[in-house]
Amino acid sequence: MKLSKMSPRKLLQAYGTILALALIVLAFSLIRPASFCTLTNFINITRQISLLVMISLGTTLVMSVNEFDLSVGSMASLGGVMAALLAVKGLPMAACFALPVAAGVLIGTVNGFIVARFRVLSFITTLGMSTVLSGVIYRLSGGATIFEGIPKSFSALGTAKLGRVPLLSVLMVVFVALFWFLMQQTTLGRKLYAVGGNEETARVAGIRVQKCKTVAFALCSAMACVTGMLIASRVGSANTTAGEGYFLQSYAAVFIGCTVSRKGVPNVLGTLVGAAILGVLANGLTMLQMPVYMQDIITGGIIIFAVIAQKLGRGDAHS
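To start, this report covers the structure provided alongside it.

Rules used in this analysis
- Residues numbered from 1 in each chain as written.
- Predicted model: local features only at pLDDT ≥ 70, side-chain atom pairs only at ≥ 80, totals over all residues.
- Heavy atoms only, no water.
- Phe/Tyr/Trp six-rings, centres within 6.5 Å; stacked < 30°, edge-to-face > 60°.
- Buried < 20%, exposed > 50% of the residue type's maximum accessible area, 1.4 Å probe, protein only.
- Salt bridge = Lys/Arg side-chain N within 4 Å of Asp/Glu carboxyl O.
- Helix = DSSP H or I, 4+ residues; strand = E, 2+ residues; numbered from the N terminus.
- Expected span 1.5 Å × (residues − 1).
- Core = buried A, V, L, I, M, F, W, Y, C linked by side-chain atoms within 4.5 Å.
- Contact = heavy atoms within 4.5 Å.

By the definition in use, this model includes 8 aromatic pairs. With a centroid separation of 5.7 Å and an interplanar angle of 90°, the aromatic rings of Phe36 and Phe42 are classed as edge-to-face. By relative accessible area, Phe42 is classed as partly exposed at 31%. Ring geometry for Phe68 and Tyr251: centres 5.6 Å apart, planes at 40°, overall tilted.

As structure tokens, then:
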């Protein structure tokens, strides 16, 4: 459908979120032109949102099958702690980053198997897993931040730059491209959307629902783990609760991103836009010296608005 033939409501549903991002950028550019509207700051924003985007890609997959994973924050924390402890023990950097990801895939597979095989609510399953992971983190770290004995090479991945562009920003683009291809160009992606649209219909059509949900949860945990390791690498230490702050924001990014899709479904490019909105807001409000609690209030309000907009986009609202 051409833009000229679309009603204002259709235009708002299709492009409202992108327009909102543009207006936010314009507003901060007018208020703080010397500090906000600079190439250096925009590059800095890409670094700031890179970790949020990566963990949100995992939650996008889980939400595409109409489920939730409440353990992503704890999984991210565990990934950072495991990677740091392995680095302290002197293991090769490849092993320090590969082994936690393998553990994340295993944990996510367990989540997906329980949810799909026994039809247990994903809220309950992953909340329980989050509690388990918190206990494991405490057992591994003793409840203390890990920073002593971490080699400098451990921080290379989180702090390196390619010219002026942080490596984290490059990794974000790579992961976005990979997950976009997975969701839009592969049979697996179409099956995930089919399961999320109508599980029983997907099952009748011959789609292995249990396998699809298990894969979604496994990839979600893996991306949470990757995010946690990169957080630890960037700061050169592993905090036992480092990933908790990304839990709410990751779902906020996905819900905001749902409004980019005309069908109101989770999608990779929408998640990127959602994370960009949150990142630009945080960056601009910090420049305006806005208190942290006000940023939380605004973020929460955006989440509520995004959920309503998602329902309107799907036509689920009732008069």
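Applying the stated criterion across every chain, the model contains 5 salt bridges. One salt bridge in this structure joins Arg119 and Glu200, with 3.9 Å as the shortest N-O distance. Pair noted here: Arg119 is in the loop between helix H4 (93–118) and helix H5 (122–141) and Glu200 is in helix H9 (residues 199–204), with a separation of 81 residues, a long-range link. Look at Glu200 and you get partly exposed, because its relative accessible area is 43%. In this structure, Glu200 engages Arg203 in a salt bridge whose closest nitrogen and oxygen atoms are separated by 3.1 Å. Linking Glu200 with Arg203, this pair stays in helix H9, spanning 3 residues, or about one helical turn.

To continue, consider helix H11 (residues 244–258). For an α-helix the count is 3.6 residues per turn, leaving residues at separations of three or four pointing the same way. Helix length check: H11, at 15 residues, gives a terminal C-alpha distance of 23 Å against a target of 21 Å (1.5 Å per residue), a fit within 8%. For H11, the full list of buried residues reads Tyr246, Ser250, Tyr251, Ala252, Ala253, Val254, Phe255, Ile256, Gly257 and Cys258.

Here we come to the nonpolar core. Formed by 83 residues in total, the largest nonpolar core has its most connected members in Phe154 and Phe179. Per-element tally for this core: the top contributor is helix H10 (residues 209–235), with 13 residues. Look past the residues within four positions of Phe154 in its chain and what remains in contact with it is Ala83, Ala84, Ala87, Met93, Phe97, Met229, Ala232 and Ser233.

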